[in-house]
Amino acid sequence: MVKISVAGLVALSAGVLWAAAPKSQRTEPLAAAEALASFQLDPGLRIELVAIEPLVVGPVAMAFDERGRLFVVEGRGYPDPIDNKALPTSEGRVAILEDTDGDGRFDKRTDFATGLSYPNGIALWRGGAFVTCAPDILYLKDNDGDGIADERRVVLTGFDTTRTAQLRVSSPTLGLDGRIYVASGLNGGKVTSPLYPERAVVSFAPADGRFDPDSLLYETTGGRGQFGLSFDGFGRRFVSSNRHPVLQVVLEPWQLRRNPGLTITQVMQEVSKVEAEAKVWPISRASVSADFIPSLMNAPHTGTFTAACGVLMYGGTALPTNYSGNLFICEPAQNLVQRQVVRSEGASFRSMPATSGREFLASTDTWFRPVFLANGPDGALYVADMHRREIDHPAYVPEESRGGLDFVGGKNCGRIYRIVARAPQRVAPLDVSSAALIRALDAPDVWRRDSAFRLLREARAGKDAAALETVALSAQRPEARVRARALLRGLGALSEKSVIAGLRDEAAGVREHAAGLAAEMLTGSPGLLVPLLALANDGDARVRFASALALAGSNDPRVVGALAAIAVRDGEDRWTRAAVLSGVHGRIEEFYTGLSASSKGKSAGVAAIMQDLGKLYGVGATTEACRGFLAALVREEGDYGVSLAAVLGLADGWRGRSEAKGVSRDVFVALGGTERAALETFVGRAAALAADGTAPVAIRVKAATLLGMVDVPKRLAMFGELLDVRHPAELQVEVVRALERIGDAASGAVLLEKKNWARYSPQVRSAVIAALTAKVPLLTALFDAIERGDVKATEIPSAKRAQLMRHATPATRQRAEAIFKPFEAGDRMTVYRAHREILTGKADAAQGREVFVRVCSVCHTRGGVGGKVGPDLTGVRRQPADALLLHTLVPNYEVAPAFQAVNVETRDGRSIAGWVASETETAVTLRTAFGTEELVARSNLASLAATGVSLMPDGLEQAMTRAELANLIAFLRSED
């Protein structure tokens with residue numbers, strides 16, 4: 001079913017002691033009048049109940065057809081069994097609701113389809129509907145007019161059901177390209193179509209997808225949404241997930257695929273604030289599962305999004321005009337719907353709550369569980385209320401506590417509400433004649449525009465082309481002009497004239513959309529290139545981004561200069577950089593020449609684009625081209641910071657190549673003669689910058705990185721000095737990473753010097769341990785230091801100890817076992833029970849702060865201080881003391897799959913532990929235990945294996961006394 005809850009999905013180790021929450025004591029739902037009285041709504045608006053049980057039960061998705069009938073997907077079977085081996089229920093249904101007397105309330109129900117397991121999404125098509133019901137997507141249709149589907153086909157299958165029903169393919173939504181997009185539910189699959197058995201299996205890790213509703217051809221897309229998917233009027237796609245209320249999918253895999261050297265894993269923009277900053281203001285006394293699973297350590301959960309879902313871009317007319325274009329997000333765990341206002345930010349967007357301290361819609365009724373939103377035919381905003389006593393899934397509640405919660409209370413309930421500014425007028429069914437539908441493309445209400453678009457797309461009538469061309473050129477609303485061109489594209493009747501008009505349209509959204517159309521037509525319509533090139537200088541950042549993506553697919557030599565101009569102007573925007581660089585494969589030298597000519601006297605953003613360009617050189621250019629690029633950089637008399645960034649990018653890309661033999665500095669050694677002298681001067685400037693306490697930290701860090709790549713022996717003494725606590729932690733960590741890249745016994749000796757080891761801060765010490773365990777020579781130095789007594793075995797985190805005792809090299813594995821076996825913690829629950837007595841005595845929260853800084857702050861933040869490996873601990877004071885103790889001592893009580901640590905071995909000899917922060921077809925980004933992100937190209941992956949454990953170490957009791965542990969718990973529960 002729906003995503004809702006949270007618990008095991010946002011933490012490094014999920015699940016511990018479940019503390020009884022102050023849940024509602026009611027065992028029956030509120031009556032209709034009481035439920036309406038429980039709402040707080042924006043001033044001037046009204047909320048109306050349009051359907052209530054038994055007319056509707058457990059609504060989780062809905063869609064209005066052209067007749068005004070409401071198709072409702074009912075998740076009656078939720079929650080699904082925890083044991084995946086248990087048979088699924090067949091309680092799920094799709095119902096059709098109708099208002100037969102015109103009073104604005106539904107009064108007739110027809111069971112369109114029954115006997116479904118866990119259906120969770122619907123998209124209307126050709127008189128029927130696609131319904132997501134993993135492992136399948138079904139097509140259901142009523143062919144004899146009785147309102148009951150007599151046609152039921154599995155059209156796609158193979159979507160994973162290995163996780164709970166909250167985490168499955170959902171939210172089918174028609175896009176402007178005529179494909180139906182789906183959210184992955186944070187799950188993967190091996191998708192086939194039973195109707196086309198000859199097609200290859202589409203295998204994927206968690207990734208969203210799309211399919212042609214007629215051919216049923218399925219492919220993966222960018223992004224990874226959980227439950228909720230919405231397009232704005234210009235085809236931009238938004239999804240939601242748990243603590244991420246609004247994400248925009250900015251890049252697609254087919255756009256990045258054209259440059260295989262471009263290793264990018266992030267394709268989604270966090271449009272809204274996330275995690276502890278994603279504020280909500282409930283008025284109920286609801287508690288969420290995360291509040292009572294302190295291992296999430298991501299507080300405050302109550303008061304922040306924990307179950308964001310059902311994101312919708314509103315476009316109706318029944319609310320005030322300033323509501324149109326706002327995003328609305330459901331938060332069922334805290335009984336509210338939030339409204340966010342959207343503004344442009346570079347190539348993407350940023351959104352904020354429309355009002356601070358008060359929600360658009362909130363209820364005091366803890367049974368109110370909004371999970372889905374829809375634009376209605378009357379211009380109103382419709383809200384599907386699943387209406388359950390408990391919305392959490394039992395899988396995310398520790399087993400010993402599940403029996404005390406009523407997971408089935410409300411399984412016979414469900415409500416649907418409508419929100420308006422005034423009593424809406426009765427709406428006539430949509431006129432489905434071609435002429436009327438074409439006019440409706442320009443209607444004020446988004447539901448009419450979208451419905452007209454769908455019906456015209458279904459018909460694909462060539463006779464409509466001339467009328468659609470007129471709309472594309474002269475419709476009042478930009479959204480209509482976009483839809484008309486999209487329909488013409490689907491008909492194969494989109495003219496060059498129409499696209500050129502779109503590229504020159506007064507509305508930026510139309511120009512942006514037209515750029516995408518032009519990209520598809522450039523080969524056969526060369527006349528589009530000149531107006532497309534002109535968009536490189538457009539005044540709108542998203543238009544320039546779209547033009548970069550479009551131009552990137554052209555081989556015309558004029559494109560390189562346009563891409564360079566965009567790069568100089570928008571180099572600080574990561575999305576535009578990616579769009580530009582997606583198009584320079586095979587012509588990076590020409591691009592570099594154009595960039596150099598365009599960037600004279602301009603440094604903002606140029607350093608970022610140059611670093612990425614340098615990496616592309618290192619990954620894919622010839623050795624001679626790399627040498628030439630480096631020579632030009634070290635002789636450059638302009639901005640040293642720009643040249644330094646480019647050199648670092650070159651080295652980063654080079655080190656994965658076979659000719660680099662795993663040592664990135666080989667490319668520098670290859671330079672000779674005058675270039676070598678210039679390099680010496682260049683490196684000397686870096687040495688001076690790294691040691692200059694008055695220089696900006698960011699450039700000192702880059703300088704230290706370079707020093708770890710060139711003439712290493714003479715730099716070791718300097719590195720030892722830079723590890724002094726007087727220098728910024730960011731600089732020290734970068735020095736550690738440089739020494740790790742060197743990876744020999746001499747660098748290990750620097751890291752393990754007694755004077756250094758004793759003065760490392762928690763963050764730096766964690767970085768040092770990660771470095772020392774990354775390569776065998778460094779690991780040997782660490783083992784020697786432990787055996788000498790310079791380092792305590794217990795200072796190595798338990799997860800890392802376990803990894804080393806499973807090392808692929810027998811000699812290393814045996815030595816690790818000899819060192820670490822005596823310190824294995826054994827039964828963690830026994831350790832927990834043995835320490836519970838510390839909670840009965842007095843404790844000092846002030847002294848606990850010092851323990852937190854020493855032991856916990858490297859990974860966790862509290863009150864704005866600390867690391868960001870694990871979630872923010874601010875606010876865990878609401879947790880019971882014994883629950884906090886259990887989390888601290890038994891971090892692997894239950895670990896969510898998405899946050900299990902993985903071990904990565906690279907082809908260039910590195911070993912990295914972390915959790916997968918993001919991934920694409922070409923690369924994986926790991927969040928490491930010392931707070932950095934490591935991007936690993938898939939071509940450089942030797943192995944990647946899940947450990948089944950959290951990054952948070954167990955055995956923390958060995959790092960503090962019992963009194964210190966008590967003080968730590970007291971500090972975590974204190975107000976400050």
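First things first, this report covers the structure right here in the doc. (Residues numbered from 1 in each chain as written. Predicted model: local features only at pLDDT ≥ 70, side-chain atom pairs only at ≥ 80, totals over all residues. Heavy atoms only, no water.)

1. Examining the pattern of salt bridges
Spelled out, the test is: Here, a salt bridge means any side-chain nitrogen of Lys or Arg that lies within 4 Å of a carboxyl oxygen of Asp or Glu. By the criteria applied, helices consist of DSSP H or I runs no shorter than four residues and strands consist of E runs no shorter than two, each listed in order from the N terminus. Think of it in three bands: residues with accessible area under 20% of the maximum for their type are buried, residues over 50% are exposed, and the middle band is partly exposed, with areas taken using a 1.4 Å probe on protein chains only.
Scanning all chains against the criterion turns up 45 salt bridges. Residue Arg339 pairs with Asp42 through a salt bridge whose shortest N-O separation is 3.5 Å. Residue Arg339 is found in strand E23 (residues 336–345), and its partner Asp42 is found in the loop between strand E1 (39–41) and strand E2 (46–52); the two are separated by 297 residues along the sequence. Neither residue differs from the other here; Arg339 and Asp42 are each classed as buried.

2. Structural notes on the packing of helix H29 (residues 845–856) against helix H31 (residues 962–972)
Two numbers describe a pair of packed helices, the interaxial angle and the distance between the axes. Put simply, the rule is: All axes here are fitted lines through C-alpha atoms, helices being fitted over the stretch that makes contact, and every angle between N-to-C directions spans 0 to 180 degrees. If an angle is under 35 degrees, it is roughly parallel; if it is over 145, roughly antiparallel; if it lies from 65 to 115, roughly perpendicular; otherwise it is oblique. We call two residues in contact whenever any of their non-hydrogen atoms come within 4.5 Å of each other. Residue polarity follows a fixed list, in which Ala, Val, Leu, Ile, Met, Phe, Trp, Tyr, Cys and Pro are nonpolar, Asp, Glu, Lys and Arg are charged, and the others, Gly among them, are polar.
One can describe the packing of H29 onto H31 by two numbers: an axis separation of 7 Å at closest approach and a directional angle of 100°. One finds that H29 runs roughly perpendicular with respect to H31. Of the residues in H31, those in contact with Ala845, Gln847, Gly848, Arg849, Val851, Phe852, Arg854 and Cys856 of H29 are Glu964, Asn967, Leu968, Ala970, Phe971 and Leu972. Its residues assigned to classes, the contact of H29 with H31 comprises eight nonpolar, three polar and three charged.

3. Let's talk about the packing of aromatic side chains
As a reminder, the rule being used: To pair, rings of Phe, Tyr and Trp, with the six-membered ring standing in for Trp, must have centres within 6.5 Å; the planes then decide the type, stacked if under 30 degrees apart, edge-to-face if over 60, and tilted in the middle. Here, over-ring charges are defined by two tests on the NZ atom of lysine or the CZ atom of arginine: distance to the ring centre within 6 Å, and angle to the ring normal within 35 degrees.
Enumeration over the complete set of coordinates arrives at 22 aromatic pairs. Relative to Phe112, the ring of Phe71 lies with its centre 5.3 Å away and its plane at 80°, an arrangement referred to as edge-to-face. In this pair, Phe71 is assigned in strand E4 (residues 70–74) and Phe112 in strand E6 (residues 108–116), connecting sequence segments 41 residues apart. Per residue, the accessibility class of Phe71 equals that of Phe112, and both read buried. With a centroid separation of 5.6 Å and an interplanar angle of 50°, the aromatic rings of Phe852 and Phe971 are classed as tilted. Residue Phe852 is located in helix H29, and its partner Phe971 is located in helix H31; the two are separated by 119 residues in the primary sequence. Each member of the pair, Phe852 as well as Phe971, is classed as buried. An aromatic cluster is present here, built from Tyr314, Tyr323, Phe328 and Phe360 joined pairwise through their rings. Taking the ring centre of Tyr196 as reference, the NZ or CZ of Arg199 above it sits at 3.8 Å.

4. Some remarks on the sheet that holds E2
Just so we agree on the cut-off: Should DSSP find at least two bridges between two strands, the strands are taken to pair.
Taken together, four strands build an open sheet; the order of strands is E2-E28-E27-E26 and the sheet is antiparallel. At either end of the open sheet lies a strand with only one pairing partner, and these are E2 and strand E26 (370–375). Strand-to-strand twist across the sheet, computed as the mean angle between neighbouring axes with direction ignored, equals 25°. Sheet topology note: the strand E27 (residues 381–385)/strand E28 (residues 415–420) ladder contains five bridges and is antiparallel.

5. Re the packing of helix H4 (residues 446–459) against helix H6 (residues 478–491)
As a packed pair, H4 and H6 sit with axes 10 Å apart at the nearest point and diverge in direction by 10°. Here H6 runs roughly parallel to H4, going by the angle between their axes. Contacts between H4 and H6 pair Val446, Arg449, Asp450, Phe453, Leu456 and Arg457 from the former with Glu479, Arg483, Ala486, Leu487 and Gly490 from the latter. Here the contact of H4 with H6 is built from residues that sort into five nonpolar, one polar and five charged.

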